[in-house]
Amino acid sequence: MPVYEYKGVTSQGKKVFGVQDGEGLKAVRTKLKKDGIVVLEIREGGGLRARGSREIRLFSGRVRLGNLANATRQLATLLSSGLPLMDALTVLVEQEETQALKSALSSVRDAVREGASLAEALKANPKAFSQLYINMVSAGEASGTLEITLDRLADFLDEQVRFRGKFAAALAYPAIMTVIGVGVLFFLFSFVLPRVVGMFEDMKQQLPFMTIALLWVVKFLSTLWWAILIVLGGSGYYLQRYFSTPTGKAWLDARLLRFPVFGNLIKMIAVSRFTRTLGTLLQSGVPTLMALDIVKSVVGNTVLADAIHMARENVREGESIADPLRRSGLFPPVVIQMVAVGEKSGELEKMLLKISDSFDRTVETRITALMSLLEPIIILVMGLVVGFIVIAIMLPILQMSSGVR
């Protein structure tokens, strides 16, 4: 059944675009009309080359990692049940609800229909499928174990989704408390304190130091708020530009690894990502040199990426993986020892995954502990700020009442 690309407008006036299966142009128009979409432009999906040039333009949405993990596991299940690849991809396209992934899967199916391998078809959608994903699928096709490779890939993606979810959940409460605190301060400085300032300025008596300090802060913020925003915006823009350069990113990554408390946590997260990704790639049949080349781009830290690149060059010259990692001085001794044991026993993949599981549990425990400490710290800081404001306002009022008595 051919696939058609369309652009249209909904009944609410919102512009939409996507892909739709149909027996013909008229049938697709009828389907879209039933869905409340007025078609502005429609055309049948072309070949792989034609689609590859415009796929990035059409595929503007971002594929969520959880949706990709579910689709990957479903594809593995369909293939293991004996369904041909084309039929399995058709099932995925028909049941997928998110437009971004549906568009990408439609492109992949059309390319496979025209004779491309699954890995070649995935390359036409780099925003949906990472290089790691493509290389694992390519290794699975070459070894004839595509279903097993897809199942392992789905496990890998699920683990990433689980870790991100726990990390976001740990940060949720501190983030909410911070937003509430900033909102309270904004309300005080915008509506309450300006009126109190006017009252204090009319007083002919000596004000306490806390009240004078508060008045100075209010006047400074109320008169120079635009300059503060310009300075903060300009500084943020400059730092963002600088840290996006190779030199700036290398400087920032090196400082992050040496940052108190959080530096060790950042290193553990990167090492866990390194070991899990490398173990999954090796388990799926990806060659060691290619796996190391992929892994260095997913650790998220240029200092560690450079160490992995040097390890790759040393492995290419005949060394083991453990020795150059030990010389870098960036990887914990337990990781070096377990990698060395895995290489000697021939079970490096299992050992790498065990390292990742252990580090993930440690990271999860430490993040929970840090967040449990961060919550009372935020409450304490907000209490001190609000308490200072209240005392600074109440002191002159108490002085006035004692003077009246």
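Just so we're clear, the structure is a prediction, and the values are computed from it rather than from any experiment.

With that out of the way, let us pick up the layout of surface pockets. Here the largest pocket is characterised by a volume of approximately 970 Å³. Lining of the largest pocket is provided by 36 residues; of these, L65, F156, Q160, R164 and R273 occupy positions nearest its centre. Of all the secondary structure elements, the ones that give two or more residues to the lining of the largest pocket are α3 (65-80), α7 (131-143), α8 (146-201), α10 (246-257), α11 (262-283) and α16 (348-404). Looking at the lining of the largest pocket, the element that brings in the most residues is α8, giving 8 residues. Taken together, the residues of the lining of the largest pocket sort by class into 19 nonpolar, 8 polar and 9 charged. Roughly 340 Å³ of volume is contained in the second largest pocket. As for the second largest pocket, its lining consists of 13 residues, of which F189, S190, L221, S222 and W225 are closest to the centre.

It is worth spelling out the nonpolar core at this point. In this structure, F129, Y133, V137, F274 and F331 are the most contacted members of the largest nonpolar core, which totals 76 residues. Counting residues per element, this core draws most heavily on α11, which supplies 9 residues.

Look at helix α9 (residues 209-243): only 42 Å from first C-alpha to last across 35 residues, short of the 51 Å you get at 1.5 Å a residue. Taken as a whole, α9 carries its principal kink of about 75 degrees at L224. For α9, the complete set of buried residues consists of T211, L214, L215 and V218.

Moving on, we come to the environment of V363. Within the secondary structure layout, V363 lies in helix α16. The spacing of V363 and F163 is 200 residues in sequence and 9.6 Å in space, taken between C-alpha atoms. Ignoring any residue separated from it by four or fewer positions in sequence, one finds V363 in contact with F163, L265, M268 and I269.

It is worth spelling out empty space enclosed by the protein at this point. Within this structure, the stated rule accounts for 4 cavities of 30 Å³ or more. Together, 14 residues line the largest cavity, and L75, L105, L122, F129 and Y133 are the ones closest to its centre. Of all the elements in the fold, those that place two or more residues in the lining of the largest cavity are α3, α4 (85-95), α5 (99-113) and α6 (118-122). In terms of residue count, the dominant contributor to the lining of the largest cavity is α3 (4 residues). In terms of residue class, the lining of the largest cavity is built from 13 nonpolar, 1 polar and no charged.

What follows is about the packing of aromatic side chains. A complete count under the given rule lists 7 aromatic pairs for this structure. For the pair Y238 and Y242, a centre-to-centre distance of 6.3 Å together with 10 degrees between the ring planes defines the contact as stacked. You can see Y238 and its partner Y242 sitting in helix α9, 4 residues apart, about one turn around the helix. Ring geometry for F243 versus W251: centroids 6.2 Å apart, planes at 10 degrees, classification stacked. F243 gets classed as partly exposed once you look at its relative accessible area, which sits at 23%. By relative accessible area, which is 39% here, W251 ends up partly exposed. Each residue in the set Y238, Y242, F243 and W251 is aromatic and connected to the rest through ring pairs, giving one cluster.

At their nearest, the axes of α4 and α5 sit 9 Å apart, and the two run at 160 degrees to each other. Relative to α5, α4 is oriented roughly antiparallel. Considering the relative orientation of α4 and α5, their crossing is left-handed. For the pair α4 and α5, the contacting residues are L85, M86, L89, T90, L92, V93 and E94 in the first and K102, L105, S106, V108, R109, V112 and R113 in the second.

On the surface, W216, V217, F220, L221, L224, W225, W226, L229 and I230 cluster together into a nonpolar patch covering about 910 Å² of accessible area. Turning to its location among the elements, W216 is positioned in helix α9.

Here is what the cut-offs are and how they apply
- Residues numbered from 1 in each chain as written.
- Predicted model: local features only at pLDDT ≥ 70, side-chain atom pairs only at ≥ 80, totals over all residues.
- Heavy atoms only, no water.
- 1 Å grid on protein atoms, 1.4 Å probe; cavity = no way out; pocket = protein on both sides within 12 Å on 5 of 7 lines; lining within 4 Å.
- Points joined across faces, edges and corners; volume = space filled by probe spheres on them.
- Helix = DSSP H or I, 4+ residues; strand = E, 2+ residues; numbered from the N terminus.
- Nonpolar A, V, L, I, M, F, W, Y, C, P; charged D, E, K, R; others polar.
- Core = buried A, V, L, I, M, F, W, Y, C linked by side-chain atoms within 4.5 Å.
- Buried < 20%, exposed > 50% of the residue type's maximum accessible area, 1.4 Å probe, protein only.
- Expected span 1.5 Å × (residues − 1).
- Bend = angle between axes of the 7 residues up to and from the residue.
- Contact = heavy atoms within 4.5 Å.
- Phe/Tyr/Trp six-rings, centres within 6.5 Å; stacked < 30°, edge-to-face > 60°.
- Axes fitted to C-alpha atoms, helices over the stretch in contact; angles between N-to-C directions.
- Parallel < 35°, antiparallel > 145°, perpendicular 65-115°, else oblique.
- Left-handed = near helix turned anticlockwise from the far one by under 90°.
- Patch = residues over 30% accessible without salt bridge, like charges linked within 9 Å, V, L, I, M, F, W, Y side chains within 5 Å.
- Areas by Shrake-Rupley, 256 points an atom, 1.4 Å probe, with all protein chains shown as cover.
- Salt bridge = Lys/Arg side-chain N within 4 Å of Asp/Glu carboxyl O.

None of the figures reported here should be taken as evidence of function without further support.
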